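# Coordinate inspection notes
Each chain, written out:
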Amino acid sequence: MTMTTGAPGAGASIEPDPGKRKLSTSKAIQEAIAQQMRADEGVFVMGEDVGSYGGIFSSTTGLLEEFGPQRIIDTPISETAFIGTGIGAAVEGMRPIVELMFVDFFGVCMDQIYNHMAKIHYESGGNVQVPMVLMTAVGGGYSDGAQHSQSLWGTFAHLPGMKVVVPSNPYDAKGLMTAAIRSNDPVVFMFHKGVMGLGWMKKNQRSVGAVPEESYEVPIGKARVAREGTDVTIVTLSLSVHHALDVAEKLEPEGISVEVIDLRSLVPLDRDAILASVSKTGRLIVVDEDYQSFGVSGEVIASVAERRPGLLTHVSRVCVPDVPLPYASQLEYGVLPTPARIEAAVREAVADRLSS
Amino acid sequence: MTLYPELTDDARREMLRMMVLIRTYEEAILREYHADKSPGFDIGAGLIPGEMHLSAGQEPVAAGLGAHLTLDDAMTATHRPHHVAIAKGVRLREMTAEIFGRETGLGRGRGGHMHLFDPQTHFSCSGIIAEGLPPALGQAFAFQRRGTDRVAVAVAGEGAANQGAFHESLNLAALWKLPVVFVIEDNDWGISVPRAKSTSVTSNAVRGAAYGMPGIRVEENSVEGVYNAAGEAIARARAGDGPSLIEVHTLRLWGHFEGDAQGYRADLEGVPGHDPLPTYRNGLVERGVITAEDYASMQASAVDRVEDAIAFAKESPIPDPADALKYIFAEGARS
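This section reports on the structure supplied with the text. (Residues numbered from 1 in each chain as written. Chains lettered and ligands numbered in written order. Predicted model: local features only at pLDDT ≥ 70, side-chain atom pairs only at ≥ 80, totals over all residues.)

## Focus on the sheet that holds strand β4 (residues 152-157) of chain B
One key point about sheets: their strands pair by backbone hydrogen bonds, in either a parallel or an antiparallel sense. Residues and elements named next belong to chain B. Put simply, the test is: Strand pairing is defined by DSSP finding a minimum of two bridges between the two strands. Under the scheme used here, helices are H or I runs from DSSP no shorter than 4 residues and strands are E runs no shorter than 2 residues, and both carry numbers assigned from the N terminus. C-beta atoms are first placed from the backbone for all residues, and any pair lying within 7 Å is then listed as a contact. For helices, the fitted line uses only the C-alpha atoms of the stretch in contact; every axis is such a line through C-alpha atoms, and the angle between N-to-C directions lies from 0 to 180 degrees.
With mixed pairing, the seven strands of this open sheet are ordered in space as β2-β3-β1-β4-β5-β9-β8. Looking at strand neighbours, the two that pair on one side only are β2 (117-118) and β8 (215-218), the edges of this open sheet. The sheet contacts of helix α5 (residues 133-145) involve β1 (74-77), β3 (123-125), β4 and β5 (180-186), and relative to β4 the element is tilted by about 170°.

## Considerations on the pairing of strand β8 (residues 187-192) of chain A
Along any regular strand, the residues point their side chains to alternate faces of the sheet. Residues and elements named next belong to chain A. As a reminder of what qualifies: The exposure scheme places C-beta atoms from the backbone and then counts, for each residue, the other C-beta atoms within 10 Å of its own, assigning buried at 20 or more, exposed at 12 or fewer, and partly exposed in between. Whether a crossover is right-handed depends on one test, that the path from the first strand over the helix to the second runs clockwise when the strands point away from the viewer.
Within β8, six of the six residues are buried, which leaves the element mostly enclosed by the surrounding structure. Residue alternation in β8 divides its side chains into two sets, Val 187, Phe 189 and Phe 191 and Val 188, Met 190 and His 192, and both sets are buried. Across six bridges, the pairing between strand β6 (residues 133-138) and β8 is parallel. Bridge assignment links Met 135 to a residue of β8, and that residue is Phe 189. Where strand β7 (residues 163-165) lies against β8, three bridges are found, and the strand directions are parallel. Note that in β8 the partner of Val 165 across the bridge is Phe 189. The parallel pair β7 and β8 is bridged by helix α7 (residues 170-182), and the resulting crossover is right-handed.

## Details of the interface of chain A and chain B
Short version of the rule: Residue polarity follows a fixed list, in which Ala, Val, Leu, Ile, Met, Phe, Trp, Tyr, Cys and Pro are nonpolar, Asp, Glu, Lys and Arg are charged, and the others, Gly among them, are polar.
Across the contact, 42 residues belong to chain A and 36 residues belong to chain B. Where the side of chain A that touches chain B is concerned, the elements lending two or more residues are α3 (79-91), α4 (110-117) and α5 (120-123) of chain A. A breakdown of the residues in the side of chain A that touches chain B according to their chemical character gives 17 nonpolar, 20 polar and five charged.

## Concerning the nonpolar core
Heads up, the rule is: In plain words, the nonpolar core is the set of buried Ala, Val, Leu, Ile, Met, Phe, Trp, Tyr and Cys residues that C-beta atoms within 7 Å link up. Domain delimitation in this document rests on an assignment produced automatically or drawn from a domain database.
Within the largest apolar cluster, 202 residues are counted, with the highest numbers of intra-cluster contacts made by Leu134(A), Val164(A), Phe189(A), Val346(A), Val180(B), Val181(B) and Val183(B). Per-element accounting of this core gives the leading share, 10 residues, to helix α1 (residues 9-35) of chain B. Summarising the domain contributions, this core has at least three residues from each of domain 1 (18-217) and domain 2 (224-355) of chain A.

## What to know about helix α12 (residues 339-349) of chain A
Residues and elements named next belong to chain A. Heads up, the rule is: Throughout, the arc means the angular range of directions from the helix axis out to the C-beta atoms.
Of all the residues in α12, the buried ones are Ile 342, Glu 343, Ala 345, Val 346 and Ala 349. Down the axis, α12 shows its buried residues gathered within 160° of arc, on one side only. Elements that come into contact with the buried residues of α12 comprise β12 (232-236), α8 (239-251), β13 (258-262), β15 (283-291) and β16 (314-320).

## Digging into the packing of α8(A) against α12(A)
Residue and element names in this part refer to chain A. Applied cut-off: Each angle gets one of four labels, with under 35 degrees taken as roughly parallel, over 145 as roughly antiparallel, 65 to 115 as roughly perpendicular, and the rest as oblique. Left-handed is the label given to a crossing in which the near helix is rotated counterclockwise from the far helix by less than a right angle, and right-handed is the label when the rotation is clockwise.
Put simply, α8 and α12 touch, their axes get as near as 9 Å, and they point 55° apart. In terms of axis orientation, α8 runs oblique to α12. When the axes of α8 and α12 are compared, the crossing they make is right-handed. Between α8 and α12, the residues in contact are His 243, Ala 244, Asp 246, Val 247, Lys 250 and Leu 251 and Pro 339, Ile 342, Glu 343 and Val 346, respectively. In terms of residue class, the contact of α8 with α12 is made up of six nonpolar, one polar and three charged.

## Brief notes about α3(A)
Convention followed: Each helix should span, by expectation, one fewer than its residue count multiplied by 1.5 Å.
Under the 1.5 Å per step criterion, the end-to-end length of α3(A) is 18 Å for 13 residues, consistent within 8% with the ideal 18 Å. Positive phi shows up at Gly93(A), right after α3(A), with a value of about 100°.

## A look at the environment of Ala157(A)
Residues and elements named next belong to chain A. Here Ala 157 lies in helix α6 (residues 153-158). Given 24 C-beta atoms within a 10 Å radius, Ala 157 is considered buried. Put simply, Ala 157 and Ala 39 are 118 residues apart on the chain and 30 Å apart in space, counted from C-alpha to C-alpha. Excluding its chain neighbours within four sequence positions, the residues that come into contact with Ala 157 are Val 164, Leu 266, Val 267 and Val 296.

## Describing the sheet that holds β12(A)
Residues and elements named next belong to chain A. Strand order in the open sheet formed by five strands is β11-β13-β12-β15-β16, with mixed pairing between adjacent strands. What marks the edges here is a single partner per strand, and that holds for β11 (224-227) and β16. For this sheet, the mean inter-axis angle between neighbouring strands, taken without regard to orientation, is 25°. The pairing of β12 with β13 spans five bridges and is classified as parallel. Across the sheet, residue Val 232 finds its bridge partner in β13, namely Val 258. The sheet strands contacting helix α10 (residues 296-305) are β12, β15 and β16, and the helix crosses β15 at an angle near 155°.

Below you can see the structure in the form of structure tokens.
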């Protein structure tokens, strides 16, 4: 075990201008990892099919060719063993990036994650750091059924000791991955399959976007105003950000002004950004692809209700109701937070304004 | 066969000295633990609150292993960690302060006796059965990648050998030829369940074959047997030849935890007769390796060290409740 004295490449720029070059989210993640691997010999990638396959969702495409099998390491299907290996290597001062192929698989390895990765720093009174990234794919919408479609970020955010980031676009994905690798804390990096820009899955129009070539960070714990508005605030994250933006664009001609907050991080949660937006609009809708009860949506609402309850003239949620995600597409889209459900929620939220 | 240091009389004396230190420590913790929990027994009361799993009887495992390890090697241990921590060289004062929940403890009172982390000796333990093994693989991985000959020793109980984490870890360690030595302390009991009712094989050492690694079982709680088996396995790991599995048939002299009346244990009356400490001491006296005076001197110096550590712990400040949220993260705070 070594005390990590400083993250590699400290002093990088923070949220620079995006520039003109466009990348998919998956390529942005690959680029962030490659840049950090060039900067620090201690950074390596480990997981199932991260080598010649390049990651099932293309998070590591091309890295094997540049860095070789000593640093881009395919593992057996033994999540407990290889996540634990990441923890031990991090404790000794390396900076592992460990991929859990689908977040749904956390059930076979959660002890390493929440009892070890997340607790060692605290239990050691700050004497042992675990500078590790746990990267994992989340989300549904392509009929992968109840065990391969969950978001589950609320579960990780609920448990103390790990930072949780959930980028929605290529720019944030690169900046948050860079920040995660450089962080001296364990960071869970959750990418939605639907924002990766994959050729074999329905693409979101914003899964390709401008990304600076230089190495830069998006600060962990800082939300972003994805669209400014005055009538209603939608607080959301990941793929749902794009649905919210689509709805906001659609309703603008009707004179309904929607502000969209992209949380980007769940731990730490940018409660100030939520409060600032609701201070302006007074109406809050939380859109969350995770299960509704006991999760992110309730936490977002509580963070306003506890501090400034008088602000809220309207509150509602568009989440996955508490049901396993169904297989049949028609059923699945019946429970996902679709643009249609979000639009209906916005219209309901502003109904008082329109009728007056 | 890989070479390791021959078992000399000096080494025998050192192992006995270590066993005496560990027993002295566990007896002192036992005394302090129960000193302020009566009348009755309130597990959360007293200067040492919470569960307490003491390792008396298992000293041979620790002493035999520790003889081959340096401070730079790593070790992960279990919910019953004191003996191997001491043999690994974990600082006694800071470890004791942690057990007393003090700010000067290894974890500033945030960890407790099942969660001891000492970066100076690369020692850690986990309260979850078998889950201390995977992090040892990672430490070994780092040692291997840096081209060192350092090793990681992963200690677990016999109950752990029926957990998935154990089997995943053995496979991965063998696959990557990691410098790891897996050590199973078979004390016959998984709390109240005897190993015959939990384990399909009579020796867990045979399970090494399933993963292409050597497996050896040390019988009769023999510290010299542990010395030889560990010497071989550790030398093999240092030479880059991969992991090994050792099972030691050891003895849980006391209960699973303090407060355990052990009503399930039919052999209870005979247990003290198997105590490895007097057995080894008497053997060394008979063979002329030590004298009775040597042993008395070992005991006296052990008492001095242990009582110094306990005094240090008791004099140390209690953590400020206002600081309970410190150390969740290295950078920034949870919001």
